[in-house]
Amino acid sequence: MKTIDAQGLSCPEPVVLTRNAVKENPEGVIVLVDAVAARENVTRFGKSQGYDVAVEDTEDGWKLTLTKA
Amino acid sequence: MNLSKNEKAMTIIAGVIMGVIGASLVLFGNPKNMGFCIACFLRDTAGGVGLHRAEVVQYIRPEIIGLIFGSLFAALATKEFSPRGGSAPMTRFVLGFFAMIGALMFLGCPFRMILRIAGGDLNAIVAFVGFVCGIATGVFFLNRGYSLNRTRKVSKSEGSILPVIALVFLVLLVAAPAFIFFSEKGPGSMHAPLAISLIAGIIVGALAQRTRFCMVGGIRDMILFRENRLLLGFVAVLVSALVMNLIFSATTGTSYFNLGFENQPIAHSDGLWNFLGLYLTGFACVLLGGCPVRQLILSGEGNTDSAVTILGLFVGAAFAHNFGLAASGDGPTVNGMIAVVIGIVVVAVIALTNLKTAKE
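Every value quoted in this text rests on a predicted model; they were computed, and no experiment measured them. (Residues numbered from 1 in each chain as written. Chains lettered and ligands numbered in written order. Predicted model: local features only at pLDDT ≥ 70, side-chain atom pairs only at ≥ 80, totals over all residues. Heavy atoms only, no water.)

## Some points on the overall build of chain A
Right, on to step 1. From N to C terminus, chain A includes two helices and four strands.
Right, on to step 2. For chain A, the sequential pattern of α-helices and β-strands runs β-α-β-α-β-β.
Right, on to step 3. Taking 69 residues into account, the globule formula puts the C-alpha radius of gyration at 11 Å, and chain A, at 10 Å, falls close to it.
Right, on to step 4. Dimensions of chain A, computed from the C-alpha atoms along their principal axes, are close to 25 × 20 × 20 Å. (Helix = DSSP H or I, 4+ residues; strand = E, 2+ residues; numbered from the N terminus. Rg over C-alpha atoms; globule rule 2.2 N^0.38 Å.)

If you want it as structure tokens, here you go:
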């Protein structure tokens, strides 16, 4: 699965990158984020597009796995 | 789905409370339609510490200090205090500078734009259209890969500097030494009692931190992703401030709602420059990742890029009054018009030069 590193990026870049990635990989993507707002925004976006979003803690933030529900 | 519904309800409730507080601060003494205005209040604060000498707009506004503290407290309580920085600080400074030049052309930040609409000031609707166009322009560049690169972790002491400066400003305000300026007339002399302003700022700061409130984000996310959560908060502020203004008008005998273009409090009716002023602010704020309120909130969370943005806004306000760029009730100045045009060009150059073509 394709991994997007959105750590350290300002709003709304993590969601823009996620949107672009799922266009190319509709089956799902992994997104790395390190800000709570980015985690919430990517999760919200994923769910709005019909993905299940699994959240795992990482050393510096979170790994969000979007898979087609 | 439930999570999303809860988030939306939270944002709307926070917006309603912010609207009530925004309208009420006027009742307690703030200038009309100016319960909150980040641009005006940073400008007043710059005047309070003597960075400009426009005598009518000098007062260290406790609301600004409160917003930073409110965000800091909420972030500490939820373990979200996260010192970060290093993402193009000089670029952010310049964007902040010109976001302020645009706001002082219109005479208000996006928050005051909402409060001005809620007070019946139709000039703010013209500015709102400019604001939306500015955001759309920023979104155009976001969709083509605009990015100011990544932040990284910084030390807690680095992340604490702006909150500490806010504390120093509070001490200066309370102690009122001779070198601090206090307007004796004009908008700077009109303010709610210190404690009320400070507490109002803290409440709004905490609410904005929890809900990630952003005046730019609402419209930006709607254009980009058809995501309406933040926009609902924006509308909630507008509706609740409008209702409060009507209630206050009906119960106090003073008018807090005056529908029209002319004779609006601390406003001018030059449509083109109201439009272009907030066009510039909207464009710059999208490139910054959030409106002036959001920058204050992020700086309270330890984000030093946002702290640098605040410094840009602050210096922009001082320049605006030292060089006669800020508009007044009489209308815009020629210097201000030139500055807004330069600002739009500079922001466009920043947008163009920060397009990342490489695949992530």
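## Description of the environment of B:Leu27
All names here are of chain B.
Right, on to step 1. Mapped onto the elements, Leu 27 comes out in helix α1 (residues 2-27).
Right, on to step 2. Spatially, the C-alpha atom of Leu 27 lies 9.7 Å from that of His 191, the residues being 164 residues apart in sequence.
Right, on to step 3. With residues up to four places along the chain from it excluded, the contact list for Leu 27 reads Phe 248, Thr 252 and Tyr 256. (Contact = heavy atoms within 4.5 Å.)

## Comments concerning unusual backbone geometry
Negative phi values dominate among residues other than glycine, just as trans dominates among peptide bonds.
Right, on to step 1. Between A:Cys11 and A:Pro12 the backbone carries a cis peptide bond, its omega angle lying at -5°.
Right, on to step 2. In the Ramachandran plot, B:Asn33 falls in the positive-phi region, its phi being about 55° despite a non-glycine side chain.
Right, on to step 3. Relative to the helices and strands, B:Asn33 resides in the loop between α1 and α2 (38-48).
Right, on to step 4. The phi angle at B:Ala176 is positive, at roughly 45°, despite the residue not being glycine.
Right, on to step 5. As for its position among the elements, B:Ala176 is in the loop between α8 (161-175) and α9 (194-211).
Right, on to step 6. Using a relative accessible area of 37% as the deciding quantity, one classes B:Ala176 as partly exposed. (Buried < 20%, exposed > 50% of the residue type's maximum accessible area, 1.4 Å probe, protein only.)

## Thoughts on a nonpolar patch on the surface
Right, on to step 1. On the surface, a nonpolar cluster with roughly 330 Å² of combined accessible area is contributed by B:Ile13, B:Ile17, B:Ile199 and B:Ile203.
Right, on to step 2. Counting only elements with at least two residues in the nonpolar patch, the list comes to α1 and α9 of chain B. (Patch = residues over 30% accessible without salt bridge, like charges linked within 9 Å, V, L, I, M, F, W, Y side chains within 5 Å. Areas by Shrake-Rupley, 256 points an atom, 1.4 Å probe, with all protein chains shown as cover. Salt bridge = Lys/Arg side-chain N within 4 Å of Asp/Glu carboxyl O.)

## Brief notes about the nonpolar core
Right, on to step 1. The biggest cluster of nonpolar side chains holds 119 residues, and the ones touching the most others in it are A:Val31, A:Leu66, B:Leu95, B:Phe111 and B:Met113.
Right, on to step 2. What B:Leu95 contacts, discounting residues up to four positions off in sequence, is B:Tyr146, B:Leu148, B:Ala284, B:Leu287, B:Leu288, B:Val347 and B:Ile350.
Right, on to step 3. Judged by nonpolar contacts, the second largest core, of five residues, contains B:Ala23, B:Met244, B:Phe248 and B:Tyr256. (Core = buried A, V, L, I, M, F, W, Y, C linked by side-chain atoms within 4.5 Å.)

## Quick look at the confidence of the model for chain B
Right, on to step 1. Per-residue pLDDT for chain B has a mean of 96; in total, 98% of the residues score no lower than 70.
Right, on to step 2. Taken together, the chains of this predicted complex give a pTM of 0.96 and an interface ipTM of 0.94. (pLDDT = per-residue confidence, 0-100.)

## What to know about the side chain of B:His268
All names here are of chain B.
Right, on to step 1. Its place among the elements puts His 268 in the loop between α11 (229-252) and α12 (271-288).
Right, on to step 2. In terms of polar contacts, His 268 uses its side chain to reach the backbone carbonyl oxygen of Met 105, at 2.8 Å.
Right, on to step 3. Among all residues touching His 268, those that are not within four sequence positions of it are Met 105, Leu 107, Arg 116, Asn 123, Asn 274, Ala 327, Ser 328, Gly 329, Gly 331 and Pro 332. (Polar contact = N/O pair within 3.5 Å; in protein donor to acceptor, adjacent residues only side chain to side chain.)

## Remarks on the sheet that holds strand β2 (residues 28-33) of chain A
Residues and elements named next belong to chain A.
Right, on to step 1. The strand order β1-β2-β4-β3 describes an open sheet built from four strands, whose pairing is mixed. Where the open sheet ends on each side, the last strands, each with one partner, are β1 (2-5) and β3 (51-57). Between one strand and the next, the sheet's axes are offset by a mean angle of 20°, whatever the strand orientation.
Right, on to step 2. Summarising the sheet, β3 and strand β4 (residues 62-68) pair through seven bridges and their orientation is antiparallel. Bridging across to β4, Ala 54 finds its partner in Thr 65.
Right, on to step 3. Helix α1 (residues 13-24) rests against β1, β2, β3 and β4 of the sheet, and its axis sits at about 165° to β1.
Right, on to step 4. Across the face of the sheet, helix α2 (residues 36-48) comes into contact with β2, β3 and β4 while running at roughly 5° to β4. (Pairing = 2+ DSSP bridges. Axes fitted to C-alpha atoms, helices over the stretch in contact; angles between N-to-C directions.)

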